[in-house]
Amino acid sequence: GDSVTQMEGPVTLSEEAFLTINCTYTATGYPSLFWYVQYPGEGLQLLLKATKADDKGSNKGFEATYRKETTSFHLEKGSVQVSDSAVYFCALSGRDDKIIFGKGTRLHILP
Amino acid sequence: EAGVAQSPRYKIIEKRQSVAFWCNPISGHATLYWYQQILGQGPKLLIQFQNNGVVDDSQLPKDRFSAERLKGVDSTLKIQPAKLEDSAVYLCASSSPGTGRLFFGSGTQLSVL
């Protein structure tokens, strides 16, 4: 069945560092791909999405490109801030809008 | 626009007791999901409704879990009897079909003692 694999955390970076969180997927057909974020004490919310190959989703300085050839959707940000500390979940939407999440990557940004 | 409403916010029960959670999705959202999120893990899909029909319940432990969405709006998720390993946050989410964008409620944190 469909699945999402993302890098283990926690990831700890200094402020203004470059961030990459890896995500790969397995799916039949052509899923849509998402990154959701869970800030401390808050609920899950959509960060960005891409619906077809080579699409780039972006929001709040974060970017991810849908790579069909490598079945990947890595999350990147050029300069992280303390406020980016959160848990990040990669997800896919397959047949019948079934949405599957990865295990999450906790990100700590040090001032 | 009102968000996804869930209740209760917290629940503590003893094993073998029963518990029920309630969810009211965003108005007009035909698709409703229940997820289980164990501490330190990603949300695991338990059941997905489209209007009042079940689309997927392949990971719902049907010997103890049940869910319904009778009028295609509100939904309830029940556990009977509860086990220690059911301790988790139960998340309800809704979406418009085809968008893939989920709107989550604040969740119900269940502790089974």
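Look up: the structure comes first, before these words.
This report concerns the structure included in the present document.

Further remarks concern the state of the cysteines. Within this structure, the stated rule accounts for 2 disulfides over all chains. Here A:Cys23 engages in a disulfide with A:Cys90; their sulfurs sit 1.9 Å apart. Across the S-S bond linking A:Cys23 and A:Cys90, the dihedral sits near -70°, which makes this disulfide left-handed. Taken together, the residues A:Cys23 in strand β4 (residues 23-26) and A:Cys90 in strand β10 (residues 86-93) connect sequence positions 67 residues apart. Pair check on accessibility: A:Cys23 and A:Cys90 agree, each one buried. Bridging B:Cys23 to B:Cys92, the disulfide has an S-S length of 1.9 Å. Taking the sign of the S-S torsion, about -70° here, the bridge from B:Cys23 to B:Cys92 comes out left-handed. Of this pair, B:Cys23 sits in strand β3 (residues 19-24) while B:Cys92 sits in strand β9 (residues 88-95), and the two are 69 residues apart along the sequence.

Residues and elements named next belong to chain B. Checked against the element boundaries, Ser 7 lands in strand β1 (residues 5-7). Judged by its relative accessible area of 30%, Ser 7 is partly exposed. Between the C-alpha atom of Ser 7 and that of Thr 76, which follows or precedes it by 69 residues, the distance is 9.8 Å. Apart from the residues lying within four places of it in its own chain, the contact partners of Ser 7 are Phe 21, Trp 22 and Thr 108.

Before going further, it helps to spend a moment on the environment of A:Leu44. Mapped onto the fold, A:Leu44 is located in the loop between β5 (32-38) and β6 (45-50). You can call A:Leu44 buried: its relative accessible area is 7%. Through-space distance from the C-alpha of A:Leu44 to that of A:Val87 is 9.1 Å; in sequence the pair is 43 residues apart. In contact with A:Leu44, other than residues within four places in its own chain, are A:Tyr36, A:Val37, A:Gln38, A:Phe89, B:Pro43, B:Leu91 and B:Phe104.

Conventions adopted
- Residues numbered from 1 in each chain as written.
- Chains lettered and ligands numbered in written order.
- Predicted model: local features only at pLDDT ≥ 70, side-chain atom pairs only at ≥ 80, totals over all residues.
- Heavy atoms only, no water.
- Disulfide = S-S within 2.5 Å.
- Helix = DSSP H or I, 4+ residues; strand = E, 2+ residues; numbered from the N terminus.
- Buried < 20%, exposed > 50% of the residue type's maximum accessible area, 1.4 Å probe, protein only.
- Contact = heavy atoms within 4.5 Å.

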